[in-house]
Amino acid sequence: SRTAPSLQPVVELSPDSDDEYADVDWDNLGFSLRPTDYMYITKCSGGDSFEEGHLSRYGNIELSPSAGVLNYGQGLFEGTKAYRRENGRLCLFRPDQNAIRMQAGAERMCMPSPSIHQFVEAVKQTAFANKRWIPPPGKGSLYIRPLLMGSGPVLGLGPAPECTFLIYASPVGNYFKEGLAPLNLFIDDEYHRATRGGAGGVKTITNYSPVLKALTRAKSRGFSDVLYLDSVYKKNIEEVSSCNVFIVKDNVISTPATGGTILEGVTRKSIVDIALDHGYQVKEQCIPVEEVMEADEVFCTGTAVGVAAVGSITYQGKRVEYKMGDQCVSQELFSTYMGIQKGDIEDKKGWILEI
Ligand code: COI
């Protein structure tokens, strides 16, 4: 079958430039694709293990029109970032957690998954091969996007006979056009992101296009993103299209409990750990929308988004504003999270992996 690009070993490739940095306007990155030099690719055609992967030039891939991912959405993605520290070191943040999450997602979507070791090594190789695209310290990061997809042909509904694991990367800055300014969220009670028994708890590609309708509508009305409610009672908050959500009330931090409809965010988990270390009480529980409207603070977390303060939420025509600024709990947690990434705060948990 003709389902994957030819795999060129990296030794045959020569970098486009020996310059330390690619020619990029690092001050105006935003979150849009800037193709880099290399991608990583490997396949699994039968059995559970993937072939040894290789870096190849970044470019289009060839897929059968009947590939499982194209016809039935058999696909997963991940997101992780590589950073450049002031001392020049290149670092990754908890890529093993992405590997573990991909394994859970692969199990849910009936695909084999790369081992944790293969995943982490592949992320390292991709980041290193594209190191001239890792922004200068403080200017952003290299967003690394691992994909796992049913690339083999299927016609009747069933798991694809071949899967491809691919990683590409792009330098990025702030996810939202607001930059670091607080977000204005809209609670949509018409569309839902996930439902019980569905796949909302894993990072399948099928969780993302269905929210585009609500997201584009909210953006056209000037909102930053949409906060979804649970699909059964339509009264408890779940997550935002692109990230998890937290509320703070009287210094107690709450976030929706994961239970199949909430993505187990790596940033979510890290912020919970940091908050506990800082002595906060953290509750993972059901959060009725009324509690959100009465919260002191609201913030979002995600790999792409980072930790973003929410300035307002609008629900059924009512807009509520939240506490913002340096004294906020979210700011305190965010500075620790960033401090660990930058190396200003000791990494006692072994979260940082040097490339
Ligand atoms: C991430 O935070 O890495 C994500 O996958 C969210 C995506 C919508 C950009």
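Residues numbered from 1 in each chain as written. Predicted model: local features only at pLDDT ≥ 70, side-chain atom pairs only at ≥ 80, totals over all residues.

If you tally the helices and strands in the protein, you get seven helices and 17 strands. At 20 Å, the protein has a C-alpha radius of gyration in line with the 20 Å of a compact globule built from 355 residues. Taken along the three principal axes of its C-alpha coordinates, the protein extends 60 × 55 × 35 Å. Per-residue burial for the protein yields a buried fraction of 46% across its 355 residues. Residue pairs in contact within the protein that sit at least 24 positions apart in sequence constitute 71% of those at least 6 positions apart. (Helix = DSSP H or I, 4+ residues; strand = E, 2+ residues; numbered from the N terminus. Rg over C-alpha atoms; globule rule 2.2 N^0.38 Å. Buried ≥ 20, exposed ≤ 12 C-beta atoms within 10 Å, placed from the backbone. Contact = placed C-beta atoms within 7 Å.)

In terms of nonpolar packing, the biggest core is built from 46 residues, with Leu185, Val226, Leu227, Val298, Cys300 and Val310 touching the most fellow members. Residue contacts for Leu227: discarding those within four places in its chain leaves Leu185, Ile187, Ile237, Val240, Val245 and Ile313. One finds Val69, Cys91, Ala129 and Met149 within the second-largest nonpolar core, a separate group that totals 43 residues. (Core = buried A, V, L, I, M, F, W, Y, C linked by C-beta atoms within 7 Å.)

Attention shifts here to unusual backbone geometry. For Cys110, which is not a glycine, the phi torsion comes out positive at approximately 60 degrees. Examined against the element boundaries, Cys110 turns out to sit in the loop between α2 (95-108) and α3 (116-129). C-beta crowding within 10 Å serves as the criterion here: with 13 such atoms nearby, Cys110 is assigned to the partly exposed category. Despite not being glycine, Lys234 has its phi angle at roughly 55 degrees, a positive value. Along the polypeptide, Lys234 turns up in the loop between β9 (225-229) and β10 (237-240).

Glancing now at helix α5 (residues 266-277). If you check α5, its first and last C-alpha atoms are 17 Å apart, about what 12 residues at 1.5 Å a residue would give, namely 16 Å. Looking at the residues trailing α5, positive phi occurs at Gly279, about 90 degrees. (Expected span 1.5 Å × (residues − 1).)

With that settled, consider the packing of α2 against α3. At a minimum axis separation of 9 Å, α2 and α3 run at an interaxial angle of 130 degrees. If you check the angle between α2 and α3, you find them oblique. Classified by chirality, the crossing of α3 by α2 is right-handed. Where α2 abuts α3, its residues Pro95, Asp96, Ala99, Ile100 and Met102 lie against Ile116, Phe119, Val120 and Val123. Across the contact of α2 with α3, the residue classes tally to eight nonpolar, no polar and one charged. (Axes fitted to C-alpha atoms, helices over the stretch in contact; angles between N-to-C directions. Parallel < 35°, antiparallel > 145°, perpendicular 65-115°, else oblique. Left-handed = near helix turned anticlockwise from the far one by under 90°. Nonpolar A, V, L, I, M, F, W, Y, C, P; charged D, E, K, R; others polar.)

What follows concerns the pairing of strand β6 (residues 141-150). Most of β6 sits inside the fold, with nine of its 10 residues counted as buried. Two elements, strand β3 (residues 75-77) and β6, share three bridges in a ladder whose sense is antiparallel. Bridged to Phe77 within β6 is Leu147. As paired elements, strand β4 (residues 80-84) and β6 share three bridges and run antiparallel to each other. Considered in β6, the bridge of Thr80 is made with Ile144. (Pairing = 2+ DSSP bridges.)

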